[in-house]
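Spelled out, the chains give:
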Amino acid sequence: MVAPIPNGGNTGMADYRRVLLAVDLTEECRRVARRARALAASAGAELHIVHAIEPLSLAYGGDVPMDLSSVQDQIHEQACAHLADFAEDFGVPEGHRHLVFGRPESEIHRIAESEAMDLIVVGSHGRHGLALLLGSTANGVLHGASCDVLAVRVGRDIAPEDDDA
Ligand code: AMP
């Protein structure tokens, strides 16, 4: 006997209400953004966007013998402006933009939980070998996420005709 599926078996895209798009603000992630926007539009879901500024001390192993605060301030200013431009391009309103500070994986998880997201969309390079062992951001987001995660393939091996520009 087949057990009844809760929710009448409706597990389609229309179940997503709040979609969180994670961006590193590179050209590459515009492809990811187009997917997320199309998906959110077809589901009638809210589209949110998150960018995490990685602390320089973290990127350089926490052992830099100089004061990085003014550099970090400049990075923050630039990220703020880039995120605003990016969000404008994809029609994401101000209240749905999240500029955060810390490790991307943990910050994406934190925002997804605090903002009750039901889908996270990230780009994935589908790396192999050592990079796979070390783990990419997409990998980190997938592990420990409290909601669904969609990984959109990005990178040089994507043929232009595969792109929905
Ligand atoms: P990576 O594994 O670093 O090449 O990044 C893959 C994907 O993770 C990107 O396409 C973004 O979706 C997401 N991502 C990477 N870095 C960040 C960041 N600093 N803030 C938000 N999302 C990020």
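Residues numbered from 1 in each chain as written. Predicted model: local features only at pLDDT ≥ 70, side-chain atom pairs only at ≥ 80, totals over all residues. Heavy atoms only, no water.

Enquirer: It is not clear to me how the overall build of the protein chain should be interpreted in this structure. Could you clarify?
Expert: Along the backbone of the protein chain there are 6 helices and 5 strands. Listed by position from the N terminus, the elements making up the protein chain come as β-α-β-α-α-β-α-β-α-α-β. Across the 165 residues in the protein chain, those meeting the buried criterion constitute 36%. Taking the intrachain contacts of the protein chain between residues at least 6 apart in sequence as the baseline, contacts between residues at least 24 apart amount to 78%. (Helix = DSSP H or I, 4+ residues; strand = E, 2+ residues; numbered from the N terminus. Buried < 20%, exposed > 50% of the residue type's maximum accessible area, 1.4 Å probe, protein only. Contact = heavy atoms within 4.5 Å.)

Enquirer: Please clarify how the nonpolar core should be interpreted in this entry.
Expert: Where a protein is soluble and globular, its nonpolar side chains tend to be buried together. Residues Val19, Leu21 and Ile49 are the most contacted members of the largest nonpolar core, which totals 23 residues. Those elements that provide at least two residues to this core are β1 (18-22), α1 (29-43), β2 (46-53), α3 (69-89) and β4 (119-124). Formed by 14 residues, the second largest nonpolar core is a distinct cluster that contains Ala22, Val50, Ile108 and Ala112. (Core = buried A, V, L, I, M, F, W, Y, C linked by side-chain atoms within 4.5 Å.)

Enquirer: Mind showing me how you'd approach the side chain of His48 here?
Expert: You can see His48 is positioned in strand β2. Judged by its relative accessible area of 2%, His48 is buried. A polar contact of 2.8 Å, which involves the side chain of His48, links it to the side chain of Glu46. A polar side-chain atom of His48 sits 3.0 Å from a polar atom in the side chain of His98. (Polar contact = N/O pair within 3.5 Å; in protein donor to acceptor, adjacent residues only side chain to side chain.)

Enquirer: So what exactly am I meant to see when it comes to the side chain of Glu107 here?
Expert: Within the fold, Glu107 resides in helix α4 (residues 104-114). The residues contacting Glu107, other than those within four sequence positions of it, are Ala52, Val100, Phe101 and Gly102.

Enquirer: Teacher, can you tell me more about the layout of surface pockets here?
Expert: A water-sized probe rolled over the atoms picks out the places where empty space is left. Quantified by volume, the largest pocket comes out at close to 480 Å³. Residue lining of the largest pocket: 25 residues in total, with Ala22, Val23, Asp24, Pro104 and Thr137 positioned closest to the centre. Broken down by secondary-structure element, the contributors of at least two residues to the lining of the largest pocket are α1, β2, α4, β4 and α6 (137-142). The residue makeup of the lining of the largest pocket, split by class, is 13 nonpolar, 7 polar and 5 charged. (1 Å grid on protein atoms, 1.4 Å probe; cavity = no way out; pocket = protein on both sides within 12 Å on 5 of 7 lines; lining within 4 Å. Points joined across faces, edges and corners; volume = space filled by probe spheres on them. Nonpolar A, V, L, I, M, F, W, Y, C, P; charged D, E, K, R; others polar.)

Enquirer: I would appreciate a short explanation of the pattern of salt bridges in the present structure.
Expert: Pairing of side chains with opposite charge becomes possible as their charged atoms draw close. Using the criterion set out here, one finds 6 salt bridges in the structure. Across the salt bridge formed by Asp89 and Arg30, the nearest N and O atoms sit 2.7 Å from each other. Note that Asp89 is positioned in helix α3 and Arg30 in helix α1, a separation of 59 residues in sequence. Residues joined by salt bridges that share partners form a network here, namely Arg18, Glu46 and Glu115. (Salt bridge = Lys/Arg side-chain N within 4 Å of Asp/Glu carboxyl O.)

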